[in-house]
Amino acid sequence: MSAIILDGKVTGKKLRENAKERTTLLRKQGHTPCLAVILVGDNPASHSYVKAKEKALAEAGMEGRSLRLGGETSEAELLGVIKSLNADDSVHGILVQLPLPRHIREAVVINAVDPRKDVDCFHRVNVGKLLLEEPGFLPCTPHGVIQLLREHKIPTKGAHAVVIGRSNIVGKPLAMLLARKEFNATVTMCHTGTKNLAFHTRQADILIAAVGQPGLITGDMVKRGAAVIDVGVNRVSVAGETGYRLTGDVVFEEAAQIAGWITPVPGGVGPMTIAMLMLNSLSAAEIRYGGKCGT
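What you see as residue numbers is a count from 1 along each chain, following the sequence as written. This being a predicted model, a pLDDT of at least 70 is required before a residue's local features are given, and a value of 80 or more before pairs of side-chain atoms are given or counted; all residues contribute to the totals for chains, interfaces and linings. The basis for every side-chain value is the complete set of non-hydrogen atoms in the structure, without hydrogens or water.

Comments concerning the overall build of the protein chain
Reasoning step 1: When you go through the protein chain residue by residue, the secondary structure sums to 10 helices and 11 strands.
Reasoning step 2: Atoms counted for the radius of gyration: C-alpha only. Globule rule: 2.2 Å times the number of residues to the power 0.38. Computed over the C-alpha atoms, the radius of gyration of the protein chain is 19 Å, within 12% of the 19 Å expected from 2.2 N^0.38 for a compact globule of 295 residues.
Reasoning step 3: Here the protein chain, with 295 residues, has 48% of them falling under the buried criterion.
Reasoning step 4: By definition, residues are in contact when any of their heavy atoms lie within 4.5 Å. Expressed as a percentage of contacts within the protein chain between residues at least 6 apart in sequence, the contacts between residues at least 24 apart total 70%.
Reasoning step 5: Using a 1.4 Å probe, accessible areas were evaluated by the Shrake-Rupley method; residue-level cover was limited to the displayed protein chains. Surface exposure of the protein chain reaches about 14000 Å², of which carbon and sulfur atoms provide 53%.
Reasoning step 6: Counting 35 positive and 28 negative side-chain charges, the protein chain places the averaged centre of each group 4 Å from the other. Counting from the N terminus, the helices are DSSP H or I runs at least four residues long and the strands are E runs at least two residues long. Summary of the burial criterion: residues with accessible area below 20% of their type's maximum are buried, those above 50% are exposed, and those between are partly exposed, where the area comes from a 1.4 Å probe applied to protein chains only. The positive count covers Lys and Arg only, the negative count covers Asp and Glu only, and His and the chain ends enter neither. Taken as the charge location is NZ of Lys, CZ of Arg, CG of Asp or CD of Glu.

This is the structure in structure tokens:
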């Protein structure tokens, strides 16, 4: 293996420690940052993600309020819960765990959250601020990727970044961030309509896979020395106690022989996402009590 491992656990820990220090200062002023997490239904992966967020909040000295609602919860009932949290001054951030049951419209729910408490940066107001490069929250996973690149001094200015995936959660906002003047990358976005995907990936100085398709990127699709960021988290069935293993969109063993840097799955982008969520929640509290937004 020749690639340097981009360890999200190590970098994420540094960021969480920063959040803990800032939280301590805020608590000395009598304010405890609070993130409310709403989970609807019994999606096993969602339950796992929520537990990880609860643990990180506790470690940072922040308050976490978990609201677990049954899968039969109506859209109107969920909107009522969000309205109540919007009006609660002791709650600084609101996160609605996705995906939601099919009978609930995600866009309606996302845009019901007060933009000042939208620490996921999914609300149309915050997405607009992201596009216009106005001060505000940055989406957690894309921002986590940027922080990983910064931590390891991987150059973005003048680099060709290829983003595979066009989701509103990762692909689109990450492409927008990398194209900002402060990062100054030339960005190509690939998706299901892209012809000859390997042609594009082999040109990437920074290759980001975020489609949720295990094994999509093989070693022969990677440019030598490139930074490979694997955002995909996929459950693949295997024999054993759990019955599955987690894998990314990249064939790690192959790509690691070619890439200059690479993220593992798990332990790469995932811990960074949680760290950025902690920092966004903290920033929301700081703004509430007269501070400034740390993007």
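A short note on the pairing of strand β3 (residues 63-69)
Reasoning step 1: A pair of strands is labelled paired if DSSP reports no fewer than 2 bridges between them. Where strand β2 (residues 34-40) meets β3, 7 bridges bridge the pair, whose relative direction is parallel. Residue V40 lies in a different strand from β3, and its bridge partner there is L69.
Reasoning step 2: A crossover gets the label right-handed when its path from the first strand over the helix to the second runs clockwise, viewed with the strands pointing away from the viewer. Read as a crossover between parallel neighbours, the route from β2 over helix α2 (residues 44-59) to β3 is right-handed.

A few points about the sheet that holds strand β5 (residues 160-164)
Reasoning step 1: With respect to topology, 6 strands assemble into an open sheet ordered β1-β11-β8-β7-β5-β6, the strand pairing being parallel. Either end of the sheet is taken by a strand with one partner, and the two such strands are β1 (4-5) and β6 (186-190).
Reasoning step 2: In the sheet, β5 pairs with strand β7 (residues 206-209) via 4 bridges, with the strands oriented parallel. Considered in β7, the bridge of V162 is made with L207.
Reasoning step 3: Where helices are involved, their axes are fitted lines through C-alpha atoms of the stretch in contact, as for all axes, and angles between N-to-C directions lie from 0 to 180°. Set on the sheet, helix α7 (residues 171-179) makes contact with β5, β6 and β7; between it and β6 the angle comes to about 165°.

Examining helix α6 (residues 140-151)
Reasoning step 1: Residue count minus one, scaled by 1.5 Å, sets the expected span of a helix. For α6, with 12 residues, the first-to-last C-alpha span of 16 Å sits near the 16 Å given by 1.5 Å per residue.
Reasoning step 2: A large share of α6 lies buried, amounting to 10 of its 12 residues.
Reasoning step 3: Three or more residues of α6 are buried, namely C140, T141, P142, H143, G144, V145, I146, Q147, L148 and L149.
Reasoning step 4: Check the buried side of α6 and you find it contacts α1 (8-28), α7, β7, β8 (227-230) and α10 (269-288).
Reasoning step 5: Directly after α6, the chain includes K153, whose backbone phi takes a positive value near 55°.

Concerning the packing of α1 against α6
Reasoning step 1: Between α1 and α6, the least distance of the axes is 11 Å, while the angle of their chain directions is 100°. What the angle tells us is that α1 and α6 run roughly perpendicular. In contact with G8, T11, K14 and L15 of α1, α6 contributes Q147, L148 and E151.
Reasoning step 2: Counted by class, the contact of α1 with α6 contains 2 nonpolar, 3 polar and 2 charged residues. Working definition: roughly parallel below 35 degrees, roughly antiparallel above 145 degrees, roughly perpendicular at 65 to 115 degrees, and oblique for all remaining angles. Side-chain classes are defined by residue name, with Ala, Val, Leu, Ile, Met, Phe, Trp, Tyr, Cys and Pro counting as nonpolar, Asp, Glu, Lys and Arg as charged, and the others, Gly among them, as polar.

Considering the pairing of β8
Reasoning step 1: Both faces of β8 are covered, namely the face carrying A227 and I229 and the face carrying V228 and D230.
Reasoning step 2: Across 4 bridges, β7 lies against β8 in parallel orientation. Directly across from A209, in β8, lies its bridge partner D230.
Reasoning step 3: Judged from the 2 bridges that link them, β8 and strand β11 (residues 261-262) form a sheet pairing that is parallel.

Description of the environment of V81
Reasoning step 1: As for its position among the elements, V81 is in helix α3 (residues 75-86).
Reasoning step 2: Spatially, the C-alpha atom of V81 lies 8.8 Å from that of I38, the residues being 43 residues apart in sequence.

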